[in-house]
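Residue-level structure breakdown
Now for the letters of each chain:
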Amino acid sequence: MTGLPLSGVRVIDLTRILSGPFCSMLLGDLGADVLKIEAPGGDPVRQQGHVVRGLSWYFAGFNRNKRSVELDLRTPDGVAVLERLLAGADILTENFRPGILDKMGLTEARLKAINPDLIVVSVNGYGSTGPYADRPAFDFIAQAMSGYMATNGTPESGPLRTAPPITDLVAGLYAALGAVAALRGREQGGPAQRVEASMMMSMLSMMAYLSSNALATGRDPVPTGNDHPIASPYGLFRAADGDIAVAPSTDAIVRRFLRELGLEPLLDEPRFASNEMRLRHRTELNALINEALAGGGQDEWIGRLNRAGVPSGRVQSMTEALADPQVAAQEMVLHVPHDTYGDVEMTGFPIKFAQTPLSVRHPVPELGRDGRAALREAGFTEAEIDGLVEAGVLGAGTAPG
């Protein structure tokens, strides 16, 4: 499809696992031509998660809209191939530890010599400077060190991680945003900059009022579980047949909420008259709310509250959320046909473009499938390509390209 925001942009993608592949997938979704350079044997995530008909759907969900080149960068010939690919690229994405590109000979000076207009986008654990720059990092460690885990759970539970690999995803999102901004800057005559996003710092930036309050007071926030740290009432409440989430974020919405429950007179009592007082007496207020909600079921209350302008919803399981009619209306579960793997399901595009809607132009690539085609596009002859395949530098792939 032409007309996508990043149509005509070429990305050479050296990333693997999750944070970097999420970044490069976002660029691919937006229209960029992404060449995923994979080591012999492929990205390790090809073997992780639930495998359906020989394909990891976890891998498929983060590697659509890419082409695959299997290339051995441990060899001088492999690095030489990469350099020729970079000469015609706009963006290089990588998520090695800082310094690895330099060890491959791809120093900043060398990359500038190959392509002075190349934007280098790096995703790493802690940033390329500072005492932790050389440490290995995974999502769990970044969740722990960013202060994030310490704010989850309750004082009784102790620190808790979230189930999704949130720091990988936030860092990948920031990296994609930085890449797009760097492209725009280059178009306006600015330099082709290096862009960096780290998992720990990306997560720290998302701590919102938790970090703001800690900076303002010098005190750590107390973990409050499903209750809101700075608003009451707000959280998970119990109807006759199950839990409902309710988010009255302002005094006006609190009044609407309590009015629907027949509890509006409570706001005239000093202990509940202000948000500060409601926070102090949260346990008492929550008990009164749960008592009132016990008179009706989830669907009844959710309908009433939303009609009254009080945000509320049911706690859904993962499969329930994927089957939700609103999710279907937003086309957030895609059924992608694949010549080899059959129908592959994955989550869709949360960004909606009115005139140029996003789509899966390339389903998940088989390992090395596009190596020959990519090298031809870079000016390699058939004899050169055959020689690289025979030498084991370039994977033969599963299609002639």
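Now for a look at the structure at hand. Here the structure is a predicted model, which means the values were calculated and not measured.

The next point concerns the overall build of the protein chain. Along its length, the protein chain carries 18 helices and 13 strands. Along the three orthogonal principal directions, the C-alpha set of the protein chain runs to about 85 × 45 × 40 Å. A gap of 2 Å separates the mean positions of the 36 positive and 47 negative side-chain charges of the protein chain.

What follows covers the sheet that holds strand β9 (residues 235–239). Spatial ordering of the open sheet is given by β9-β10-β11, a layout of three strands whose pairing is antiparallel. Single-partner strands in this sheet number two, and they are β9 and β11 (312–314). Averaged over neighbouring strand pairs, the angle between their axes works out to 35° when direction is ignored. The sheet contact formed by strand β10 (residues 242–246) and β11 spans three bridges and is antiparallel. When the bridges of β11 are listed, I244 appears paired with R314.

Here we come to the sheet that holds strand β5 (residues 67–70). If you trace the six strands from one edge of the open sheet to the other, you get β5-β2-β1-β6-β7-β8, paired in parallel fashion. The open sheet has two free edges, formed respectively by β5 and β8 (194–198), since each of these has just one partner strand. Taken over all neighbouring pairs, the strand axes of this sheet differ in orientation by 20° on average, direction set aside. Contacting β1 (10–13), β2 (33–38) and β6 (91–94), helix α3 (residues 76–87) crosses the sheet at an angle of about 155° to β1.

In this structure, D370 sits in the loop between β13 (342–347) and α17 (371–377). Buried charged residue D370 carries no salt bridge. Nearest counter-charge: R369, at 4.5 Å. If we skip the residues at most four places from it in the chain, D370 touches R67, S68, V69 and P365.

Turning our attention to the environment of N290. For N290, the location among the structural elements is in helix α13 (residues 282–293). Its relative accessible area of 27% is what places N290 among the partly exposed residues. Considered as a pair, N290 and G309 are 19 residues apart in the sequence and their alpha carbons are 19 Å apart. For N290, the residues in contact, after removing those within four places along its chain, are F237 and R238. Of note is the side chain of N290, whose polar atom sits 2.8 Å from the backbone nitrogen of R238.

This part covers the pairing of β10. Note: β9 against β10, five bridges, orientation antiparallel. Residue pairing across strands places F237 opposite I244, the latter belonging to β10. In textbook terms, the turn of a hairpin is the stretch between consecutive antiparallel strands, and for β9 and β10 this stretch comprises two residues.

Here the focus is the packing of aromatic side chains. Under the criterion given, the structure shown has four aromatic pairs. Centre to centre, the rings of F22 and F62 are 5.8 Å apart; their planes meet at 75°, and the pair counts as edge-to-face. Highlighted residues: F22 in helix α1 (residues 19–29) and F62 in the loop between α2 (57–60) and β5, separated in sequence by 40 residues. On the basis of relative accessibility, which here comes to 15%, the residue F22 falls in the buried class. Geometrically, the ring pair formed by Y58 and F62 is edge-to-face, given 6.0 Å between the ring centres and 90° between the ring planes. One aromatic cluster is present, formed by F22, Y58 and F62 through successive ring pairs.

Below, the discussion takes up the nonpolar core. Counting residues in hydrophobic clusters, the biggest one holds 41 residues, and the most contacted among them are L27, I91, I119 and V121. Only α1, α2, β7 (119–124), α8 (166–187), β8, β12 (333–338) and β13 provide two or more residues apiece to this core. Among the elements that make up this core, the one with the highest residue count is α8 (six residues). Each residue touching V121, except ones within four places of it in the same chain, is listed here: C23, I91, L92, T93, E94, A175, A179 and V195.

Moving on, we come to α13. Over its 12 residues, α13 runs 16 Å from end to end, which matches the ideal 16 Å to within 8%, given 1.5 Å per residue. On the buried face of α13, the contacting elements are β9, β10, α11 (251–260), α12 (275–280) and α14 (298–307).

This part is about the environment of N124. Here N124 is to be found in strand β7. Once the C-alpha coordinates of N124 and M201 are considered, the two residues, 77 residues apart in sequence, prove to be 9.9 Å apart. In this structure, N124 is in contact with F96, P98, E196, A197, S198 and M199, ignoring residues within four places of it in sequence.

Mapped onto the elements, G178 comes out in helix α8. According to the relative accessible area criterion, G178 is buried, its value standing at 17%. Residues G178 and I37 lie 141 residues apart in sequence; the distance between their C-alpha atoms is 21 Å.

The rules behind these values
Residues numbered from 1 in each chain as written. Predicted model: local features only at pLDDT ≥ 70, side-chain atom pairs only at ≥ 80, totals over all residues. Heavy atoms only, no water. Helix = DSSP H or I, 4+ residues; strand = E, 2+ residues; numbered from the N terminus. Lys, Arg positive; Asp, Glu negative; His and termini not counted. Charge placed at Lys NZ, Arg CZ, Asp CG, Glu CD. Pairing = 2+ DSSP bridges. Axes fitted to C-alpha atoms, helices over the stretch in contact; angles between N-to-C directions. Contact = heavy atoms within 4.5 Å. Buried < 20%, exposed > 50% of the residue type's maximum accessible area, 1.4 Å probe, protein only. Salt bridge = Lys/Arg side-chain N within 4 Å of Asp/Glu carboxyl O. Polar contact = N/O pair within 3.5 Å; in protein donor to acceptor, adjacent residues only side chain to side chain. Phe/Tyr/Trp six-rings, centres within 6.5 Å; stacked < 30°, edge-to-face > 60°. Core = buried A, V, L, I, M, F, W, Y, C linked by side-chain atoms within 4.5 Å. Expected span 1.5 Å × (residues − 1).

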